[in-house]
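# Observations on the three-dimensional arrangement
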Amino acid sequence: SDELDAKGELLVRIHRVMRTRGLNQSQLASVIGMDRSEVSKLLRGDLGRFSIERMMKALRDLGAPVRISWIDEASPVVVSGI
């Protein structure tokens with residue numbers, strides 16, 4: 001689904017920022033205001049537990065805001081940095 005595609009791309013970006021900043025799961029949890037157990041579930045790809053809005057907030061909290069656009073059926077989801 002489009003929503004799952006968008007969440008997957010957001011997760012890739014969260015992983016990238018985490019790696020770039022050298023954060024472990026506990027540090028990431030502190031920065032984005034989640035419990036470490038929630039962060040663990042997120043990073044394992046348990047995406048049904050997290051809304052797109054919550055994932056976008058996590059990226060904003062990390063200083064990496066994004067914009068999501070639905071384009072068309074051939075390329076339905078584009079996630080880009082702002």
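Let me sum up the structure you'll find in this document. Just so we're clear, the structure is a prediction, and the values are computed from it rather than from any experiment.

## Comments concerning the overall build of the protein
A tally of helices and strands in the protein yields four helices and two strands. Listed by position from the N terminus, the elements making up the protein come as α-α-α-α-β-β. Across the 82 residues in the protein, those meeting the buried criterion constitute 37%. Counting only contacts in the protein whose residues sit at least 6 apart along the sequence, the fraction spanning at least 24 positions is 52%.

## Concerning the side chain of Lys7
Inspection of the secondary structure puts Lys7 in helix α1 (residues 2–21). Lys7 gets classed as buried once you look at its relative accessible area, which sits at 7%. In terms of polar contacts, Lys7 uses its side chain to reach the backbone carbonyl oxygen of Phe50, at 2.7 Å. For Lys7, the residues in contact, after removing those within four places along its chain, are Leu47, Gly48, Phe50, Ser51, Ile52 and Met55.

## So, the environment of Leu62
Here Leu62 is to be found in the loop between α4 (52–61) and β1 (66–69). It is 9.3 Å that separates the C-alpha atoms of Leu62 and Arg21, two residues lying 41 residues apart in sequence. Among all residues touching Leu62, those that are not within four sequence positions of it are Val17, Arg21, Leu23, Leu28, Val31 and Ile32.

## Some remarks on the nonpolar core
In terms of nonpolar packing, the biggest core is built from 24 residues, with Leu10, Ile14, Leu28, Leu42 and Met55 touching the most fellow members. Looking at this core, the elements with two or more residues in it are α1, α2 (25–32), α3 (36–43), α4 and β1. With six residues, α1 is the largest single contributor of residues to this core. Those residues in contact with Ile14, other than ones at most four positions away along the chain, are Leu28, Leu42, Leu43, Met55, Ala58 and Leu59.

## Topic: α4
All buried positions along α4 are accounted for by Ile52, Met55, Met56, Ala58 and Leu59. The arc that holds the buried residues of α4, viewed along the axis, is 155°, so those residues lie on one side. Contact partners of the buried residues in α4: α1, α2, α3 and β1. Where α4 terminates, the next one or two residues include Gly63, which has phi positive at roughly 80°.

Reading the values: rules and limits
- Residues numbered from 1 in each chain as written.
- Predicted model: local features only at pLDDT ≥ 70, side-chain atom pairs only at ≥ 80, totals over all residues.
- Heavy atoms only, no water.
- Helix = DSSP H or I, 4+ residues; strand = E, 2+ residues; numbered from the N terminus.
- Buried < 20%, exposed > 50% of the residue type's maximum accessible area, 1.4 Å probe, protein only.
- Contact = heavy atoms within 4.5 Å.
- Polar contact = N/O pair within 3.5 Å; in protein donor to acceptor, adjacent residues only side chain to side chain.
- Core = buried A, V, L, I, M, F, W, Y, C linked by side-chain atoms within 4.5 Å.
- Arc of directions from axis to C-beta.

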